[in-house]
Each structure stands twice: as C-alpha cells, then as structure tokens.
Amino acid sequence: MDDKPNPGTLSESSEPLFSFGVIADIQYADLEDGYNFHGSRRRYYRHSLLHLRGAIEHWNEESSAPCCVLQLGDIIDGYNAQYKASEKSLELVMSTFQTLKAPVHHTWGNHEFYNFSRDYLTNSKLNTKFLEDHIVHHPETMPSEDYYAYHFVPFPKFRFILLDAYDLSVLGVDQSSPKYQQCLQMLREHNPNTELNSPQGLSEPQFVQFNGGFSQEQLNWLNEVLAFSDTNQEKVVIAIFPFTLRPLTVCAWPGITGTPWRSSGLTSAWCVSLLVTLMMVATLRILSVCTMSTWKGLLRQLRTARLLAQFMSILTK
C-alpha cells in the first residue's frame with residue numbers, strides 16, 4: 001500500500017488516462033419554469049436544453065475528447081405525459097445528443113417511467129444495451145432481458161456498469177402483471193400512507209412510489225461482473241440513478257446492505273449517481289483509485305453515497 005501514490009497528491013501535470021462525460025436530470029419539457037414535487041427547487045424545463053447543448057459543445061471542443069458520456073436518467077420531465085408531448089420531447093433531446101461526437105450510455109429514472117412503459121423504453125433510443133461488452137466464455141456476465149443493465153469497457157482495464165434501479169418498481173409496469181403486484185405489496189408493507197409518494201412518518205423513507213429497487217437476479221449478475229473484474233484487476237465505475245444524499249428519500253428499495261456476496265478483494269470502484277446539479281466532464285487520472293476490501297463495504301458505501309464523494313474528490317475540472 002505504501003508504494004501506491006495518494007490520489008490527493010497528483011500534480012496538475014499528470015496525464016489523464018481517458019475522460020468521460022456525465023450529465024443528469026435534464027428533465028426537458030416545453031414549459032415555462034416551475035418547481036419540483038415538494039416546491040423547494042426551481043426547474044428550468046425549456047432552458048434545460050440550452051444547458052445540454054452547452055455541455056455537448058464543451059465535450060466536442062475538448063482537446064482530449066471523452067470516450068463516452070453517461071446520461072444518468074430523467075432525460076425529460078414527467079409533465080410531458082400530461083401534455084401528451086412525451087415522444088416529441090424525447091426526440092428533441094435525442095436529436096440534440098446526435099451532435100455529440102462520443103457515444104452516450106443512458107440509464108432510466110422515474111421520469112422516464114412517468115412518460116413511457118418499460119416495454120416502450122426497451123425498444124427506444126434510450127436502450128443502449130447494444131453498446132455492451134460481450135465477454136467471451138463468461139456467459140454469467142450477460143444480463144437478463146428482465147432488467148435494463150449492462151457493462152462496457154471504454155478503456156483497457158476500466159469496466160463501466162450501468163444498473164437498473166427500477167428493476168423492482170410499480171412505475172412503467174403493467175398493473176395486471178405479477179411483478180407489479182409484488183412491488184405494490186412490498187411498497188405498501190413499508191409505506192402505510194395514502195399518498196405513496198409521501199415519506200411522512202416512515203422509518204425507511206426510501207419506500208416511496210417514485211423510487212425503485214434491485215431484484216436478486218440483477219444483484220447476482222452484478223456480483224458475477226464484479227467478480228470477473230476483480231479477477232482481471234479491472235477498475236470499476238458503477239453508473240446508477242438513485243443514490244444521492246439529498247433528498248434522503250432518493251435511494252433504492254429494498255435495502256441491499258444485507259445481500260450476501262461471494263467474493264471479496266475488489267481492486268477499486270467508483271459510483272457515479274444522479275445529482276440534480278451535476279453536469280460535468282470527468283477525467284480519470286492515472287492511479288486515482290479508492291480501495292475497497294469487501295463487497296459489503298462497497299454496498300454500504302453505495303447506499304450512503306460515500307463512494308460518490310470519494311469519486312468526486314479525484315476528478316479534475
């Protein structure tokens with residue numbers, strides 16, 4: 001450990017291995033400014049497209065172009081469904097992304113499901129599974145069609161994993177399906193409120209309707225991918241929608257800290273999650289890693305977003 005440099009001591013002259021862009025919560029709608037669900041944060045629905053264009057111009061003008069961009073969910077706002085403008089708004093945002101020179105990897109958030117069903121998203125331009133990495137002779141690292149998740153390698157020895165945080169959810173699912181009934185039952189067991197989007201009085205405030213969770217099947221798949229990366233000494237970046245400190249209701253259900261993991265000794269991992277103010281270009285510098293000793297530590301830090309804080313501390317402007 002002593003022979004490894006501290007990420008905090010890297011000089012400004014350090015050469016980056018590669019760069020990638022991160023953007024989240026665009027929430028475009030052809031509407032005047034408004035406020036979020038709780039009325040506590042102003043939203044610039046129409047002007048969000050200008051910020052997206054600005055980010056794309058910045059990425060395209062970089063001397064060292066980003067290898068890819070992670071779009072971390074809520075690409076259009078839920079109001080589009082009310083005004084029957086979901087498809088039109090999505091097409092406008094996606095046509096803007098076409099001006100970007102780098103490939104875009106999309107995750108799905110609650111606003112995607114306010115506008116579209118899961119079946120629609122699976123067959124839409126927001127499904128970027130075609131960009132996944134196929135590991136020969138390791139079929140266990142191939143995700144199921146039952147959830148939207150995949151992994152890819154933008155640079156040798158760096159593996160990115162996109163997770164489906166609404167794998168278990170009442171959003172975007174046919175209400176007659178067994179999965180909807182299962183998720184609704186799980187939600188009502190933890191949230192007795194009439195308004196299921198309200199965390200009032202809950203000891204576990206993540207159990208609200210606008211959140212979702214991971215099936216055991218997806219967690220098992222994640223374990224296989226991480227075990228593969230561990231064996232091959234890869235660095236891992238996990239792109240995920242709901243993990244952030246604010247608001248406290250935004251985290252996945254059910255709780256995942258008790259999940260048994262079969263492997264230990266992950267070389268390094270970062271978590272990139274949705275922050276409502278996040279719009280940046282992230283540059284990984286050589287040997288900028290945060291070491292984890294067990295999967296349990298990784299899961300605990302995913303849930304509290306500490307890994308995100310560690311990740312942010314090693315990014316350059």
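Preceding this paragraph is the structure being described.
Residues numbered from 1 in each chain as written. Predicted model: local features only at pLDDT ≥ 70, side-chain atom pairs only at ≥ 80, totals over all residues. Heavy atoms only, no water.

J.: I keep staring at the nonpolar core and nothing clicks. Help me out?
T.: For soluble globular proteins, the rule of thumb is that nonpolar side chains tend to be buried together. Grouped together as the largest cluster of nonpolar side chains are 65 residues, with contacts concentrated most on Leu70, Ile75 and Phe97. Apart from residues lying up to four places away in sequence, isoleucine 75 is in contact with Ile26, Gln27, Tyr28, Leu90, Val93, Met94, Phe97, His106, Glu112 and Leu126. (Core = buried A, V, L, I, M, F, W, Y, C linked by side-chain atoms within 4.5 Å. Buried < 20%, exposed > 50% of the residue type's maximum accessible area, 1.4 Å probe, protein only. Contact = heavy atoms within 4.5 Å.)

J.: I would appreciate a short explanation of the state of the cysteines in the present structure.
T.: Where two cysteines share a covalent bond between their sulfur atoms, that bond is called a disulfide. If you walk through the whole model with that rule in mind, you get 0 disulfides. In this model cysteine 67 remains outside any disulfide bridge; the closest cysteine sulfur is found in cysteine 68, 3.8 Å from its own. Accessibility expressed as a relative area gives 1% for cysteine 68, which makes it buried. (Disulfide = S-S within 2.5 Å.)

J.: Looking at this structure, I do not really get the environment of tyrosine 148. What am I missing?
T.: Structurally, tyrosine 148 is set in the loop between helix H5 (118-122) and strand S6 (150-155). On the basis of relative accessibility, which here comes to 4%, the residue tyrosine 148 falls in the buried class. Residues tyrosine 148 and alanine 165, 17 residues apart in the sequence, show an inter-C-alpha distance of 8.8 Å. Non-local contacts of tyrosine 148, meaning those with residues more than four positions away in its chain, are made with His106, Thr107, Trp108, Arg118, Leu126, Asn127, Thr128, Lys129, Leu163 and Asp164. Within polar-contact distance, the side chain of tyrosine 148 engages the backbone oxygen of histidine 106 at 2.6 Å. There is a polar contact of 3.0 Å between the side chain of tyrosine 148 and the side chain of threonine 128. (Helix = DSSP H or I, 4+ residues; strand = E, 2+ residues; numbered from the N terminus. Polar contact = N/O pair within 3.5 Å; in protein donor to acceptor, adjacent residues only side chain to side chain.)

J.: Honestly, unusual backbone geometry in this entry has me stumped. Any pointers?
T.: Working note: non-glycine residues mostly have negative phi, and peptide bonds are mostly trans. One non-glycine residue, aspartate 25, adopts positive backbone phi at about 60 degrees. Of note in the backbone geometry, glutamine 27 takes a positive phi value of approximately 50 degrees without being a glycine. The residue glutamine 27 is located in the loop between strand S1 (16-23) and strand S2 (34-35) in this model. Residue glutamine 27 is classed as buried on the basis of its relative accessible area, which comes to 4%.

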